[in-house]
Amino acid sequence: MNQPLVAILSGAGISTDSGIPDYRGPDGLWRRDPDAEKLVTYEYYMGDPEIRRRSWRMRRETGALRAEPNAAHLAVAELERSGVPVRVITQNVDGLHQLAGMPARKVLELHGTAREFVCTGCHVRGPMEDALARVDAGEDDPPCLRCGGILKPATVMFGEHLDPVVLGEALAVTKACQVFIAVGSTLQVHPAAGLAGVAADQGARLIVVNAEPTPYDDRADEVVREPIGTALPELLRNLR
Ligand code: ZN
């Protein structure tokens with residue numbers, strides 16, 4: 001059996017049905033509000049305790065960790081379970097592909113994960129819930145319990161580099177796949193945009209599922225404008 005490898009690149013649009021707004025896209029909330037953008041910009045976060053306190057409050061109040069996977073996340077996991085080789089490359093930090101049942105090793109998180117914290121001093125990681133529980137208990141900027149360093153979410157903040165290992169794996173998957181589905185991504189932010197180009201260059205079938213036009217629509221073999229929650233499950237059923 002030599003089944004084609006399906007690469008699925010997901011952006012904010014796949015999670016809006018789960019109640020998670022687009023924070024970091026070109027028109028995302030953070031980009032439109034310079035004050036909010038500071039909360040997720042490395043330089044400000046590291047340099048200003050007040051920014052960190054506001055940032056922890058924001059994480060506590062948005063309740064993003066309580067979001068549930070929707071029909072689109074479930075359809076991707078179902079495709080993988082059906083025996084089709086699937087790899088997910090995601091711009092999202094919500095962990096919803098894994099919650100839907102995708103094995104973690106098959107999900108490449110370009111921007112990290114909001115479900116864990118990381119210490120900027122000793123790089124120890126842990127569940128975000130543990131850090132938020134400390135905020136609930138009264139610590140407004142909880143320091144690392146091991147080294148006293150500054151904790152941050154294990155996400156790639158503005159001003160931070162993407163993990164070169166994750167990026168390398170994403171590129172390898174993109175070069176190896178026969179089908180590349182970009183779903184809910186505007187394909188305007190590096191490296192997602194570049195990956196769609198690589199997929200098209202190497203002859204993969206490029207499918208774009210997005211409400212708005214993207215710069216890669218004219219290179220795509222198929223463009224789907226219908227709502228992701230219904231369009232993606234149907235598209236993936238047909239792939240099986
Ligand atoms: Zn530490």
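Residues numbered from 1 in each chain as written. Predicted model: local features only at pLDDT ≥ 70, side-chain atom pairs only at ≥ 80, totals over all residues. Heavy atoms only, no water.

Here we come to the domain arrangement of the chain. Each assigned domain of the chain is listed here: domain 1 (1-20 + 68-111 + 161-240) and domain 2 (28-66 + 115-155). A separation of 28 Å is found between the C-alpha centroids of domain 1 and domain 2. Each partner contributes to the roughly 400 Å² buried at the junction of domain 1 and domain 2, and carbon and sulfur atoms together form 46% of this total. Summed over the three residues of domain 1 that lose the most area to domain 2, namely Glu68, Val93 and His111, the buried surface amounts to 53% of that side. Our enumeration of links across domain 1 and domain 2 arrives at zero salt bridges. At the junction of domain 1 and domain 2, the tally comes to one residue pair in polar contact (both at pLDDT 80 or more). Along the lines of polarity and charge, the residues of the side of domain 1 that touches domain 2 split into three nonpolar, two polar and two charged. (Domains from an automatic or database assignment. Buried area = accessible area lost by both parts, 1.4 Å probe. Salt bridge = Lys/Arg side-chain N within 4 Å of Asp/Glu carboxyl O. Polar contact = N/O pair within 3.5 Å; in protein donor to acceptor, adjacent residues only side chain to side chain. Nonpolar A, V, L, I, M, F, W, Y, C, P; charged D, E, K, R; others polar.)

Relative orientation of the contacting elements helix H4 (residues 49-62) and helix H7 (residues 128-136) amounts to 110 degrees, with a least axis distance of 10 Å. With respect to H7, the axis of H4 lies roughly perpendicular. Residue-level inspection shows Trp56, Arg59 and Arg60 of H4 in contact with H7, the latter providing Met128, Ala131, Leu132, Val135 and Asp136. (Axes fitted to C-alpha atoms, helices over the stretch in contact; angles between N-to-C directions. Helix = DSSP H or I, 4+ residues; strand = E, 2+ residues; numbered from the N terminus. Parallel < 35°, antiparallel > 145°, perpendicular 65-115°, else oblique. Contact = heavy atoms within 4.5 Å.)

This part is about the environment of alanine 220. Tracing the backbone shows alanine 220 in the loop between strand S8 (205-209) and strand S9 (222-224). Along the sequence, alanine 220 and alanine 199 sit 21 residues apart, while their C-alpha atoms lie 9.9 Å from each other. Non-local contacts of alanine 220, meaning those with residues more than four positions away in its chain, are made with Leu206 and Val208.

Where burial is concerned, most of strand S6 (residues 151-155) is hidden: five out of the five residues are buried. Bridging between strand S4 (residues 112-119) and S6 involves five bridges; their strand directions are antiparallel. The residue bridging cysteine 119 from the neighbouring strand is leucine 151, located in S6. (Buried < 20%, exposed > 50% of the residue type's maximum accessible area, 1.4 Å probe, protein only. Pairing = 2+ DSSP bridges.)

Our next topic: the environment of glutamate 116. Its location among the elements puts glutamate 116 in strand S4. Classification of glutamate 116 by relative accessible area gives partly exposed; the value is 29%. Along the backbone, glutamate 116 and threonine 16 are 100 residues apart, and their C-alpha atoms lie at a distance of 21 Å. When sequence neighbours within four positions are dropped, the list of residues in contact with glutamate 116 reads Arg125, Gly126, Pro127, Met128, Pro153 and Ala154.

What follows is about the coordination of the zinc ion. When four donors bind a metal tetrahedrally, each ideal donor-metal-donor angle is 109.5 degrees, and when six bind octahedrally, the ideal angles are 90 or 180 degrees. In this structure, Cys119 (SG), Cys122 (SG), Cys144 (SG) and Cys147 (SG) serve as the protein donors to the zinc ion, at separations of 2.3 to 2.4 Å. Around the zinc ion, the four donor atoms sit at angles spanning 99 to 114 degrees, and that spread fits a shape best called tetrahedral. In the primary sequence, the donor residues of the zinc ion line up as C-x2-C-x21-C-x2-C. Since its relative accessible area comes to 7%, cysteine 144 is described here as buried. (Donors = N, O, S within 2.8 Å, 3.2 Å for Na, K, Ca; no water. Tetrahedral: all angles 85-135°; square planar, octahedral: opposite > 155°, others 65-115°.)

If you walk through the whole model with that rule in mind, you get 13 salt bridges. Note that aspartate 136 and arginine 60 form a salt bridge whose closest N and O atoms lie 2.2 Å from each other. Separated by 76 residues along the polypeptide, aspartate 136 in helix H7 and arginine 60 in helix H4 bring together distant segments of the chain. Residue classification places arginine 60 among the partly exposed positions, given a relative accessible area of 38%. Notably, a salt bridge pairs glutamate 139 with arginine 134, separated by 2.9 Å at the nearest N-O pair.

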